[in-house]
Amino acid sequence: MSLSRDAAAPDLLFALLPDSGIAPDGPDTLAALAAALHAQYPNAVTLNLHPPLRDPQGRCRWWAAESPSVESLAAALPLLIQRLRAKAAKLGLPWQRVALAGVGDGALLALEAVQAEPELVGRVMSFAGGYLARPEHAPQDVCVHLLHGLEDQRFPYRRVVDAAQSLVDLGADVTADLLPHLDHGLHPALIDKALEQLRTFIPARLWRAAVVAAQQGERPAD
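Labelled according to an unreviewed UniProt entry, the chain appears under the name Phospholipase/carboxylesterase, originating from Pelomonas aquatica.

Okay, structure coming up:
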């Protein structure tokens, strides 16, 4: 786990989850995303949460098997949730000011975390990943941003489209951006699109609060 922050009091926490298969002493595969987030949000904290398991070659993994299962996901979620809540509490940030961003298996873990745990984060950015199974309920008050390459062979984009449609039908806050000519991975174009969504997509909970405030302002004085 690594933590970076500016001197000013933090106003956001971005927890970054890499894909499985990275070397623990190799290059930081999420460095470009962290740098882009800091450029747009100077007072944000970025927190790299590394997979806790190691395969026989010493590479980091979120689960022991090559592919995730219901059981391996259930085993991985509690530690992630505990680490995330502990860091948000240490920084004094409410869950609405916390976001999860994952790549590949990290994206799957991030998406399934907000399905399993209410009031964990306010936003999820899923790069080149998706759900283990078609979502059957919408995570309450969570903006879900799905970002994917159309040439991704490891996680076909059609599964992302299907999940996005399910979330829309369930009333979720969701965006789905499918970019051409991109294969599996954290591409600069996907990072740019994610930052655009963070800047421009207004959560439904804020719309509701604005409507309530407007209605209260229209009430005649006693």
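Colleague: Mind showing me how you'd approach the nonpolar core here?
Modeller: Soluble, globular proteins show a tendency: their nonpolar side chains are buried together. Leu-13, Leu-100 and Leu-109 are the most contacted members of the largest nonpolar core, which totals 39 residues. Listed by contribution, the elements that provide at least two residues to this core are β2 (12-17), β3 (44-48), α2 (70-91), β6 (98-103), α3 (105-116), β8 (143-149) and α4 (157-169). The element that contributes the greatest number of residues to this core is α2, accounting for eight residues. What Leu-13 contacts, discounting residues up to four positions off in sequence, is Val-45, Leu-47, Leu-84, Lys-87, Ala-88, Leu-91, Leu-93, Arg-97, Val-98 and Ala-99.

Colleague: Teacher, can you tell me more about the environment of Val-142 here?
Modeller: You can see Val-142 is positioned in the loop between β7 (123-127) and β8. The sequence separation of Val-142 and Val-114 amounts to 28 residues, and the corresponding C-alpha distance is 7.8 Å. Those residues within four positions of Val-142 in sequence are excluded, and the remaining contacts are Val-114, Val-121, Gly-122, Arg-123, Val-124 and Asp-173.

Colleague: How should I be thinking about the packing of aromatic side chains in this particular structure?
Modeller: What characterises a pair of aromatic rings is the spacing of the ring centres plus the angle enclosed by the ring planes. Enumeration over the complete set of coordinates arrives at one aromatic pair. Residues Phe-14 and Tyr-41 carry aromatic rings whose centres are separated by 5.7 Å and whose planes lie at 35° to one another, so their mutual orientation is tilted. One end of the pair, Phe-14, is in strand β2; the other, Tyr-41, is in the loop between α1 (31-40) and β3, and 27 residues separate them in sequence. Judged by relative accessible area, Tyr-41 falls into the buried class, the value being 19%.

Colleague: When you look at the pairing of β2 in this model, what are you seeing that I'm missing?
Modeller: Look at any regular strand and the pattern is simple: side chains alternate between the two faces of the sheet. For β2, a buried count of six out of six residues is recorded, marking the element as mostly surrounded by other parts of the structure. Residue alternation in β2 divides its side chains into two sets, Leu-12, Phe-14 and Leu-16 and Leu-13, Ala-15 and Leu-17, and both sets are buried. Sheet topology note: the β2/β3 ladder contains five bridges and is parallel. Bridged to Leu-12 within β3 is Ala-44. The β-α-β motif built from β2, the intervening α1 and the parallel element β3 has right-handed crossover chirality.

Colleague: Explain unusual backbone geometry to me, please; I cannot follow it from the model alone.
Modeller: Peptide bonds are mostly trans, and most non-glycine residues show a negative phi. At Ala-128, a position not held by glycine, the phi torsion is positive, near 55°. Within the element layout of this structure, Ala-128 appears in the loop between β7 and β8. Of note in the backbone geometry, Asp-141 takes a positive phi value of approximately 60° without being a glycine.

Colleague: Help me understand the pattern of salt bridges in this model?
Modeller: Close approach of charged atoms allows side chains with opposite charge to pair. Following the criterion strictly, the structure yields eight salt bridges and no others. The shortest N-O distance in the salt bridge between Arg-61 and Glu-66 comes to 3.8 Å. For Arg-61, a relative accessible area of 7% gives the class buried. Given a relative accessible area of 64%, Glu-66 falls into the exposed group. With a shortest N-O distance of 3.4 Å, Arg-154 and Asp-105 are connected by a salt bridge. Of this pair, Arg-154 sits in the loop between β8 and α4 while Asp-105 sits in helix α3, and the two are 49 residues apart along the sequence. Taking the relative accessible area as the measure of exposure, Arg-154 reaches 45% and is therefore partly exposed. One salt-bridge network, held together by shared partners, links Asp-55, Arg-59, Arg-61 and Glu-66.

Conventions adopted
Residues numbered from 1 in each chain as written. Predicted model: local features only at pLDDT ≥ 70, side-chain atom pairs only at ≥ 80, totals over all residues. Heavy atoms only, no water. Core = buried A, V, L, I, M, F, W, Y, C linked by side-chain atoms within 4.5 Å. Buried < 20%, exposed > 50% of the residue type's maximum accessible area, 1.4 Å probe, protein only. Helix = DSSP H or I, 4+ residues; strand = E, 2+ residues; numbered from the N terminus. Contact = heavy atoms within 4.5 Å. Phe/Tyr/Trp six-rings, centres within 6.5 Å; stacked < 30°, edge-to-face > 60°. Pairing = 2+ DSSP bridges. Right-handed = clockwise from strand over helix to strand, strands pointing away. Salt bridge = Lys/Arg side-chain N within 4 Å of Asp/Glu carboxyl O.

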